[in-house]
Amino acid sequence: MSKDFANLRQDFPVLSRVINGKPLVYLDSANTSQKPHVVIDAMTDFLENGYAPINRSAYQMAAEATDLYEGARTAVAKFINAPNANEVIFTKNATEALNLIVRTWGIANLSHGDVVVLTHMEHHANIVPWHMLVAERGIVLRFIPLTSDGQLDLSNLDALLTDAKVLSFTSMSNVLGTINPSKFLCAAAHRAGAIAIVDGCQSVPHMATDVQDMGADFLAFSSHKMCGPSGLGVLWGRQQLLDAMPPFMGGGNMIADVRLDGFTCAELPAKYEAGTPPITEAIGLGAAVAYLTKIGMHNIRAHEIDLATYSMNQLTQRFGDDIVIHGPTNIEVRGATHSFAFKDLHPHDVSQVLDQSNVCVRAGHHCAKPLMRLLGANATVRASFYLYNNHQDADALCDALEQASEFFSPS
Amino acid sequence: MPGLEDLYREIILDHYRSPRNRGELPPPAVRTEGHNPLCGDEIQVYLSVDSGLVSDVKISGQGCSISQSSASMMSAAVKGKPIAEVRSIVRRFKSMMTLEEEETAEADDQNVKLGDLEALQGVVKFPVRIKCATLAWNTLLQGLDEATA
């Protein structure tokens, strides 16, 4: 691990926490990430010294708050190379961002028999909103299947995309860690006349994102997985699509005019930000984006390739056939997220023993039940790494797994 | 911090490794299904009720050691018992699994012995696991309601 990454652990106050005499080993960042001082400080400073409404009052502090909030939007736009900051919509979370697309673009453009293509590795947030449209509208869902090593099986892609109106896919699986070929998939969708929606929750925090190069029409991601606060998600969309779509929620801020006989919508981005938004959280995300940019997304990806390689090697060397790690073995197409089965132990029992060593992992179905069924498991243990993790964290995971193995072995 | 031994008592691990009354029962036995939406665990409880008795019970499905051992011990505790007594056992068990003192028990419940099931008392110290321990019991209750409807 490079010196820079060793030093940046100090940026995260929670990592110095000791529970029952043992250090914290946080391996649940695919779930939610820890926060650096700069994010906590930016939010605290705003709350202590400048908290005010945005967009609606003339006093100085309100103007400053508006500048900070819009500054965060500009920072996020730059972070994903959006051509225009007005295309960045702040939502409650990524789930709301995906639902927003379905309830606006979907309602306006999809009717009975229209085809939406998803993949077999989607998070529930990119399945259930479409299921709801199946029930309401009679749209048809198709799913890109997976190869045996947990990558998308694209051998039949053109047939799947025939007559499709939408291709909506995750850029990186939250279970398998598989990094999907987003640029290739967006181009394939467009060739078929479909729009491309990308669930970027797992990739945006971990590698450089360029929506223009990717060629996506929409991108959804969450603040809390990329060192920002919870309670905030981001929807980016191409301006001509966002302009043409009907509004999502009605209320304050999203209108140009309201009369007794109707209303007209505000321009972007206000059109999709009804009500008082998460102002403090957006300012926190702005600070997170600045922090990640300073470290460099390419450096973060390189660090995580090292972590993924080391942890994968350690797990396989130490446990051999006792561990089955799902997903691709080629680190080039996977992030530092390992879902695995350990001996015949239930993931809940494994994570309970790991907790004794303060090793924090997720045990469960990871909100991807169709994928879990394909894996033939009710649940897996998932250890997920981020920029603040190191080799010692991987070692601690292995040590704790050894303890779990001993604890449950028949005496 | 409570230790692992508080949670995983030997009797629990024994029921986990050698679950009692595993399997299925054909109709007219009542089949009910329970899900733990947090972890994806599933359980099926098959219940035969005959002349006011729970004449047979079988358990299938997948789950962690706590949910599986709880189901196994439950099946052993209720098999062959009169329905009223089974309901008492369920109430006693569920009140053992609650953090707050609740007065849901009925007078007769005090006479019911939980026996091996007492081993699951430690689960209360691990609140996230309470749902694991009660999954089979809630599923059994549904089955009882259906069988006696």
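All of these numbers come straight from a predicted model, not from anything done at the bench. (Residues numbered from 1 in each chain as written. Chains lettered and ligands numbered in written order. Predicted model: local features only at pLDDT ≥ 70, side-chain atom pairs only at ≥ 80, totals over all residues. Heavy atoms only, no water.)

Visitor: Before we go on, may I ask you to explain the overall build of chain A in this structure?
Guide: Along the backbone of chain A there are 14 helices and 17 strands. Taking 411 residues into account, the globule formula puts the C-alpha radius of gyration at 22 Å, and chain A, at 22 Å, falls close to it. Projecting the C-alpha coordinates of chain A onto the three principal axes gives extents of approximately 75 × 55 × 35 Å. The proportion of buried residues among the 411 residues of chain A is 55%. (Helix = DSSP H or I, 4+ residues; strand = E, 2+ residues; numbered from the N terminus. Rg over C-alpha atoms; globule rule 2.2 N^0.38 Å. Buried < 20%, exposed > 50% of the residue type's maximum accessible area, 1.4 Å probe, protein only.)

Visitor: So what exactly am I meant to see when it comes to the confidence of the model for chain B here?
Guide: One rule of thumb: low pLDDT means the predicted coordinates there are not for detailed reading. The predicted model of chain B averages 88 in pLDDT, with 93% of residues at 70 or higher. Mean pLDDT in chain B bottoms out at helix 1 (residues 4–7) of chain B, which sits at 84, and peaks at strand 3 (residues 53–62) of chain B, which reaches 94. (pLDDT = per-residue confidence, 0-100.)

Visitor: Would you mind showing me how to read the sheet that holds strand 3 of chain B here?
Guide: The strands making up a sheet associate through backbone hydrogen bonding, with each pair oriented either parallel or antiparallel. Residues and elements named next belong to chain B. Reading across from one edge, 1-2-3 is the order of the 3 strands in this open sheet, with antiparallel pairing throughout. What marks the edges here is a single partner per strand, and that holds for strand 1 (30–36) and strand 3. Here the average twist between neighbouring strands, direction ignored, is 20 degrees. As defined by bridge partners, strand 1 adjoins strand 2 (residues 41–50) across 7 bridges and the pair is classed as antiparallel. Across the sheet, residue histidine 35 finds its bridge partner in strand 2, namely glutamate 42. Contacting strand 1, strand 2 and strand 3, helix 5 (residues 130–147) crosses the sheet at an angle of about 150 degrees to strand 1. (Pairing = 2+ DSSP bridges. Axes fitted to C-alpha atoms, helices over the stretch in contact; angles between N-to-C directions. Contact = heavy atoms within 4.5 Å.)

Visitor: Sorry, what's going on with the pairing of strand 4 (residues 88–91) of chain A here?
Guide: Residues in a regular strand project their side chains so that they alternate between the two faces of the sheet. All names here are of chain A. Neither face of strand 4 is open: one carries Val88 and Phe90, the other Ile89 and Thr91, and all of them are buried. Alignment of strand 4 against strand 10 (residues 233–237), held across 4 bridges, turns out to be antiparallel. Residue pairing across strands places valine 88 opposite tryptophan 236, the latter belonging to strand 10.

Visitor: Can you help me understand the pattern of salt bridges in this one?
Guide: When charged atoms on two side chains of opposite charge get close, those side chains can pair. Residues and elements named next belong to chain A. For the structure on display, the rule yields 19 salt bridges over all chains. Between lysine 165 and aspartate 114 there is a salt bridge whose closest N-O contact spans 3.1 Å. With a gap of 51 residues between them, lysine 165 in strand 7 (residues 164–170) and aspartate 114 in the loop between helix 4 (94–109) and strand 5 (115–119) connect regions that are remote in the sequence. Owing to a relative accessible area of 13%, aspartate 114 belongs among the buried residues under this scheme. Aspartate 213 serves as the salt-bridge partner of lysine 183, at 2.9 Å between the closest nitrogen and oxygen. Taken together, the residues lysine 183 in helix 7 (residues 182–191) and aspartate 213 in helix 8 (residues 211–214) connect sequence positions 30 residues apart. Judged by its relative accessible area of 48%, lysine 183 is partly exposed. Here the residues in one salt-bridge network are Glu70, Arg73 and Glu273, joined through shared partners. (Salt bridge = Lys/Arg side-chain N within 4 Å of Asp/Glu carboxyl O.)

Visitor: Please explain the interface of chain A and chain B as it appears in this structure.
Guide: The parts lose accessible area when they come together, and the size of an interface is often stated as this lost area. Taken together, the 19 residues of chain A in the interface contact 23 residues of chain B. Summing both sides of the interface, chain A and chain B together bury roughly 1,800 Å²; the carbon and sulfur share of this comes to 49%. Considering only the side of chain A, the residues that lose the most area to chain B are A:Gln352, A:Asn378 and A:Phe407, jointly responsible for 31% of the buried surface there. Taken together, chain A and chain B are joined by 1 salt bridge. With its nearest N and O atoms 3.0 Å apart, the salt bridge here joins A:Asp349 to B:Arg129. Viewed at the interface, chain B and chain A are joined by 7 residue pairs in polar contact (both at pLDDT 80 or more). Of all the secondary-structure elements, those providing two or more residues to the side of chain A that touches chain B are helix 12 (347–356) and helix 14 (391–408) of chain A. Taken together, the residues of the side of chain A that touches chain B break down into 6 nonpolar, 9 polar and 4 charged. (Buried area = accessible area lost by both parts, 1.4 Å probe. Polar contact = N/O pair within 3.5 Å; in protein donor to acceptor, adjacent residues only side chain to side chain. Nonpolar A, V, L, I, M, F, W, Y, C, P; charged D, E, K, R; others polar.)

Visitor: Honestly, unusual backbone geometry in this entry has me stumped. Any pointers?
Guide: Trans peptide bonds make up most of the peptide bonds, and negative phi angles are found at most residues other than glycine. Along the chain, A:Leu268 connects to A:Pro269 via a cis peptide bond; the corresponding omega equals -5 degrees. Of note, A:Pro269 is situated in the loop between strand 12 (262–265) and helix 10 (279–295). With an omega of 15 degrees, the peptide bond running from B:Pro27 to B:Pro28 counts as cis. As for its position among the elements, B:Pro28 is in the loop between helix 2 (10–17) and strand 1. Positive phi, close to 75 degrees, is recorded for A:Cys227, a residue that is not glycine. Although it is not a glycine, A:His366 sits at a positive phi angle of roughly 55 degrees. Its place among the elements puts A:His366 in the loop between strand 16 (362–364) and helix 13 (369–375).

Visitor: I keep staring at the environment of A:Gly215 and nothing clicks. Help me out?
Guide: Inspection of the secondary structure assignment puts A:Gly215 in the loop between helix 8 and strand 9 (218–222). As a C-alpha pair, A:Gly215 and A:Ala187 span 28 residues in sequence and 6.9 Å in three-dimensional space.

Visitor: When you look at the environment of B:Leu4 in this model, what are you seeing that I'm missing?
Guide: Mapped onto the elements of the fold, B:Leu4 is located in helix 1. Under the relative-accessibility criterion, B:Leu4 is labelled buried at 7%. Among residues more than four places away in sequence, those in contact with B:Leu4 are A:Gln352, A:Val353, A:Gln356 and A:Phe407.

Visitor: What am I meant to see in the side chain of B:Ser65 here?
Guide: Relative to the assigned elements, B:Ser65 resides in helix 3 (residues 65–78). Owing to a relative accessible area of 0%, B:Ser65 belongs among the buried residues under this scheme. Within polar-contact distance, the side chain of B:Ser65 engages the side chain of A:Asp349 at 2.6 Å. Setting aside its immediate chain neighbours within four residues, B:Ser65 contacts A:Asp349, A:Phe408, B:Tyr8, B:Ile12 and B:Tyr16.

Visitor: Would you mind showing me how to read the packing of aromatic side chains here?
Guide: Geometrically, a pair of aromatic rings is defined through the distance of the ring centres and the angle of the planes. All names here are of chain A. All chains considered together, the criterion is met by 10 aromatic pairs over all chains. With 4.7 Å between their ring centres and 65 degrees between their planes, phenylalanine 12 and tyrosine 388 make a pair best called edge-to-face. Residue phenylalanine 12 is found in the loop between helix 1 (3–7) and strand 1 (18–19), and its partner tyrosine 388 is found in the loop between strand 17 (380–384) and helix 14; the two are separated by 376 residues along the sequence. The pair formed by phenylalanine 12 and tyrosine 388 is uniform in burial state, with each residue classed as buried. Measuring from ring centre to ring centre gives 5.5 Å for tyrosine 386 and tyrosine 388, while their planes differ by 75 degrees; the resulting arrangement is edge-to-face. (Phe/Tyr/Trp six-rings, centres within 6.5 Å; stacked < 30°, edge-to-face > 60°.)

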